[in-house]
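Structural features, examined
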Amino acid sequence: MLTERSARVVAAVKLHRHVGRRRAGRFLAEGPNLVEAAAAVGLVREVFVTEPAAQRHAALVDALDCPVHPVTERAAKALSDTVTPVGLVAACDLPGTRLEDVLAGRPRLVAVAVGISEPGNAGTLIRIADAMGAGGVLLVGHSVDPYNGKCLRASAGSIFACPVVVVPDGHAAISALRGAGLQVLATAPDGDTRLDEADRLLGAPTAWLFGPESHGLPAEFAAAADRRLRIPMAGGAESLNVAAAAAICLYQSARALDLL
């Protein structure tokens, strides 16, 4: 049984940090839902499991086609980044999906997260994009690492179903999206068109730009959009959480594109 001092466990613990993930080309997926979702797309390379977790999730563990290492509770705690460790953690390969791969699929709907640093918001946006049938999610600029544990959990496994690509150069991403035939839209309080009156506009393949909740979409990206739309609001709220805004916009687009 491996302990927290075992070489394999020590190496896996380093994957909690972005630099460790980048160097190893791997990330950690914790819990039965994420492990099963990662295994379904062939990303799982080894699994660490406590005896109670192995009994609790016996069907999943038995079906895994990779090395399964029994670990102590202390090792499981070291491998976990949650308050209450589940006792089941997989070391997985980082997907090699590139922007060109996403665009080669001729997507009709793409979500572009610009400078979103809060992992919970990023993960929720990925989950929403997957639910609305988007062909991909781009994280541009100084956005969070999507394989951070909190982002993975917030995505509820959708990160393995909807292609997610990190693109440092946001303007290059916008050019590539336009080159693939997508219009680029953004929301703004002063947008010249109401979202609920834009069905005809939304019927064309679309890439939506979403910015961080704290500052909104950076001005240069808002200016780079083909059109800026406003979400009508009846109450006194000044703005919406980025995930809430994304849900509204992506739903309207998915409906207009007959993706639902």
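Values in this document were obtained by computation on a predicted structure and should not be read as measured data.

According to the stated counting rule, one finds three aromatic pairs in the structure shown. Here the aromatic rings of F27 and Y147 are separated by 4.8 Å at their centres, their planes lie at 40°, and the arrangement is tilted. Separated by 120 residues along the polypeptide, F27 in strand β1 (residues 26-30) and Y147 in the loop between β6 (136-140) and α9 (149-155) bring together distant segments of the chain. Pairing F27 with F160 gives two aromatic rings, centres 6.1 Å apart and planes at 25°, and the pair type is stacked. Placement of the pair is F27 in strand β1 and F160 in the loop between α9 and β7 (164-167), with a sequence separation of 133 residues.

With that settled, the discussion passes to the sheet that holds strand β10 (residues 206-210). Ordered in space as β7-β6-β5-β10-β8-β11-β9, the seven strands form an open sheet in which the pairing is parallel. Each edge of the open sheet is held by one strand with a lone partner, namely β7 and β9 (193-194). Of the pairings in the sheet, the one linking β9 to strand β11 (residues 227-230) comprises two bridges and is parallel in character. Looking at β11, one finds that R194 is bridged to R230. Helix α10 (residues 170-179) contacts β5 (109-114), β6, β7, β8 (183-187) and β10 of the sheet and is inclined by roughly 150° relative to β6.

A word on the packing of helix α8 (residues 119-131) against helix α13 (residues 242-256). Taken N-terminus to C-terminus, the directions of α8 and α13 make an angle of 15°; their axes are 9 Å apart at the nearest point. It follows from the interaxial angle that α8 and α13 lie roughly parallel. Judged by the twist between their axes, the crossing of α8 over α13 is right-handed. Residues N121, T124, L125, I128 and A129 of α8 form the contact with α13, whose own contacting residues are V242, A243, A246, A247 and L250.

The next point concerns a positive patch on the surface. Taken together, the side chains of K14, R17, R22 and R23 define a basic patch exposed on the protein surface. Of note, R17 is situated in the loop between α1 (7-13) and α2 (18-24). A relative accessible area of 58% means that R17 is categorised as exposed.

So, on to the environment of G133. Position of G133 among the secondary structure elements: in the loop between α8 and β6. For the pair formed by G133 and A54, sequence separation is 79 residues and the distance between their alpha carbons is 34 Å.

This part takes up the environment of G31. Along the chain, the position of G31 falls in the loop between β1 and α3 (32-40). The class of G31 is buried, set by a relative accessible area of 6%. Counting along the chain gives 54 residues from G31 to P85, while the straight-line C-alpha distance between them is 8.5 Å. Aside from chain neighbours lying at most four places away, what touches G31 is V86 and L88.

A few words on a nonpolar patch on the surface. On the surface, a nonpolar cluster with roughly 220 Å² of combined accessible area is contributed by M233, L240 and I248. Locating I248 in the fold gives a position in helix α13. For I248, a relative accessible area of 32% gives the class partly exposed.

Conventions we followed
- Residues numbered from 1 in each chain as written.
- Predicted model: local features only at pLDDT ≥ 70, side-chain atom pairs only at ≥ 80, totals over all residues.
- Heavy atoms only, no water.
- Phe/Tyr/Trp six-rings, centres within 6.5 Å; stacked < 30°, edge-to-face > 60°.
- Helix = DSSP H or I, 4+ residues; strand = E, 2+ residues; numbered from the N terminus.
- Pairing = 2+ DSSP bridges.
- Contact = heavy atoms within 4.5 Å.
- Axes fitted to C-alpha atoms, helices over the stretch in contact; angles between N-to-C directions.
- Parallel < 35°, antiparallel > 145°, perpendicular 65-115°, else oblique.
- Left-handed = near helix turned anticlockwise from the far one by under 90°.
- Patch = residues over 30% accessible without salt bridge, like charges linked within 9 Å, V, L, I, M, F, W, Y side chains within 5 Å.
- Areas by Shrake-Rupley, 256 points an atom, 1.4 Å probe, with all protein chains shown as cover.
- Salt bridge = Lys/Arg side-chain N within 4 Å of Asp/Glu carboxyl O.
- Lys, Arg positive; Asp, Glu negative; His and termini not counted.
- Charge placed at Lys NZ, Arg CZ, Asp CG, Glu CD.
- Buried < 20%, exposed > 50% of the residue type's maximum accessible area, 1.4 Å probe, protein only.

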